[in-house]
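Okay, here's what each chain looks like letter by letter:
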Amino acid sequence: MGTLTAGNSVLTLTVNGVFPVPQKLEGYSATDAFAAGDTTAGVVVMGLDGKLSGSYVPHPVPLTITLQADSPSAVIFDAWLTAQQSARQVFYANCMLSIPSVGSKYAFTRGVLTSASVLPAAAQSQLQPRKWTITFESCSPSPI
C-alpha cells in the first residue's frame, strides 16, 4: 500500500511564448500545494413526465497552485502574468503532475491563467502563501 504524501509530487509547467521549456515548480505551501476544482461530468434535465435525460458536455478543469511567499517558482507566474498584460493576450500553458505516492500522473492541456495573487499577504509576523488558478481545456489521468 502506498502513502498519502504529496511531498514527492512533481509539477512542471510550460507556457507557450513565455516558458517553452518545462519549469519545475518548487516551494509549495505546506497546507495547500495544489488542487483541481470539481468539474461537470454531465448535464441532466428532467421532463414534466419525470423522465431524466442526460448528455455529455465538455468542461474546463481549474487547477489552483499555492506557493510559499518565498518560493523561487513565484517568478514563473509573475512573468506569465506580466507577459499577458504587456501583450494584451493570453498565453496557453500545459502542465504535468506526477504523484508517485499514489502512482498517478496527470496531463493538463491548453490552460489559461485565470486568477493570480499579485503579492503575498502580510499577516502577523509572516508573509502568507500566494495562489494562482489555471483553467485547462482538459486533464488526462494515467498511471505512472
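In this text the structure is predicted, and so the values were computed from the model without any measurement.

1. What about the sheet that holds strand 7 (residues 93-99)?
Line of reasoning, step 1. Pairing is antiparallel across the open sheet formed by seven strands, whose spatial order is 2-1-7-8-11-6-3. Across the chains shown, the open sheet's two edge strands, defined by having one partner strand only, are strand 2 (19-24) and strand 3 (34-36). Along the sheet, successive strands turn relative to each other by an average axial angle of 25 degrees, direction set aside.
Line of reasoning, step 2. Of the pairings in the sheet, the one linking strand 1 (residues 10-15) to strand 2 comprises three bridges and is antiparallel in character. When the sheet's bridge partners are listed, V15 is paired in strand 2 with F19.

2. Thoughts on the packing of aromatic side chains
Line of reasoning, step 1. Inspection of the entire model under this criterion finds four aromatic pairs.
Line of reasoning, step 2. Aromatic pair Y28 and F34: ring centres 5.8 Å apart, planes at 70 degrees, arrangement edge-to-face.
Line of reasoning, step 3. The interplanar angle of 15 degrees and the centroid separation of 4.5 Å between the aromatic rings of F77 and W132 together place this pair among those described as stacked. Here F77 is found in helix 1 (residues 74-87), whereas its partner W132 is found in strand 11 (residues 130-143), with 55 residues between them in sequence.

3. Quick word on helix 1
Line of reasoning, step 1. Look at helix 1: 20 Å from first C-alpha to last across 14 residues, which is about the 20 Å you get at 1.5 Å a residue.
Line of reasoning, step 2. All of the buried residues in helix 1 are A74, I76, F77, W80, L81 and Q84. Mapping the buried residues of helix 1 onto a view down its axis gives an arc of 165 degrees, with all of them on the same face. Projecting away from the buried face of helix 1 at angles above 90 degrees are the exposed residues V75 and S86.
Line of reasoning, step 3. Residues of helix 1 that are buried sit in contact with strand 1, strand 2, strand 6 (61-67), strand 7, strand 8 (104-116) and strand 11.
Line of reasoning, step 4. Positioned one or two residues after helix 1, R88 has a phi angle of 55 degrees, which is positive.

Definitions and limits used
- Residues numbered from 1 in each chain as written.
- Predicted model: local features only at pLDDT ≥ 70, side-chain atom pairs only at ≥ 80, totals over all residues.
- Heavy atoms only, no water.
- Pairing = 2+ DSSP bridges.
- Helix = DSSP H or I, 4+ residues; strand = E, 2+ residues; numbered from the N terminus.
- Axes fitted to C-alpha atoms, helices over the stretch in contact; angles between N-to-C directions.
- Phe/Tyr/Trp six-rings, centres within 6.5 Å; stacked < 30°, edge-to-face > 60°.
- Expected span 1.5 Å × (residues − 1).
- Buried < 20%, exposed > 50% of the residue type's maximum accessible area, 1.4 Å probe, protein only.
- Arc of directions from axis to C-beta.
- Contact = heavy atoms within 4.5 Å.

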